[in-house]
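One letter stands for each residue in the lines below.
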Amino acid sequence: WYEVLSRQMLELLRTVSPAVEYYSIDEMFFDAKELSSVFALPLPDAARALQQRILDEVGVPVSIGISFSKSLAKLIS
């Protein structure tokens, strides 16, 4: 079931970002450049909107870290 949820999250992320990297079953990286325009919100609010969308559509809470590198994004998350 965990893998099913992971795949659902991956597909959802692909609707908001052209570049999604499946890192592990519960960790993904994506290009957040377009996130603000997708949700028509400033980036912090767009990230919260994405968290809520994932919770609503997939049913799992997630953390999102946004930074210039994957390592920093992971640390922030």
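Being a predicted model, the structure only gives us computed values, none of them experimental.

A. Local environment of the pattern of salt bridges. Under the counting rule described, the total for this entry stands at six salt bridges. Its salt-bridge partner being E27, residue K74 comes within 3.4 Å of it at the nearest N-O pair. Taken as a pair, K74 in helix α4 (residues 70-76) and E27 in strand β2 (residues 27-30) lie far apart in primary sequence, 47 residues in all. Classification of K74 as partly exposed rests on a relative accessible area of 43%. A salt bridge links K33 to D31, with the nearest nitrogen and oxygen atoms 3.8 Å apart. According to the relative accessible area criterion, D31 is partly exposed, its value standing at 26%.

B. Structural context of helix α1 (residues 2-14). An ideal rise of 1.5 Å per residue puts 18 Å on 13 residues; α1 measures up with 19 Å between its terminal C-alpha atoms. Buried within α1 we find L5, S6, M9, L10, L12 and L13. Down the axis of α1, the smallest arc covering the buried residues is 165°, so these residues share one side. Along its buried surface, α1 packs onto β1 (20-24), β2 and α3 (43-57).

C. Inspection of the environment of V20 at higher detail. Relative to the helices and strands, V20 is located in strand β1. Since its relative accessible area comes to 18%, V20 is described here as buried. Residues V20 and L10, ten residues apart in the sequence, show an inter-C-alpha distance of 7.6 Å. Ignoring sequence-local partners within four residues, the contact set of V20 consists of L10, L13, R14, F29 and F30.

D. Representation of the pairing of β2. Where β1 lies against β2, four bridges are found, and the strand directions are antiparallel. Within β2, the position partnered with S24 by the bridge is E27. Linking two consecutive strands that pair antiparallel, namely β1 and β2, is a turn of two residues.

E. Seen up close, the layout of surface pockets. If you add up the space inside the largest pocket, you get close to 670 Å³. Together, 28 residues line the largest pocket, and M28, F29, F30, S63 and I64 are the ones closest to its centre. It is α1 that contributes the most residues to the lining of the largest pocket, five residues altogether.

Thresholds applied
- Residues numbered from 1 in each chain as written.
- Predicted model: local features only at pLDDT ≥ 70, side-chain atom pairs only at ≥ 80, totals over all residues.
- Heavy atoms only, no water.
- Salt bridge = Lys/Arg side-chain N within 4 Å of Asp/Glu carboxyl O.
- Helix = DSSP H or I, 4+ residues; strand = E, 2+ residues; numbered from the N terminus.
- Buried < 20%, exposed > 50% of the residue type's maximum accessible area, 1.4 Å probe, protein only.
- Expected span 1.5 Å × (residues − 1).
- Arc of directions from axis to C-beta.
- Contact = heavy atoms within 4.5 Å.
- Pairing = 2+ DSSP bridges.
- 1 Å grid on protein atoms, 1.4 Å probe; cavity = no way out; pocket = protein on both sides within 12 Å on 5 of 7 lines; lining within 4 Å.
- Points joined across faces, edges and corners; volume = space filled by probe spheres on them.

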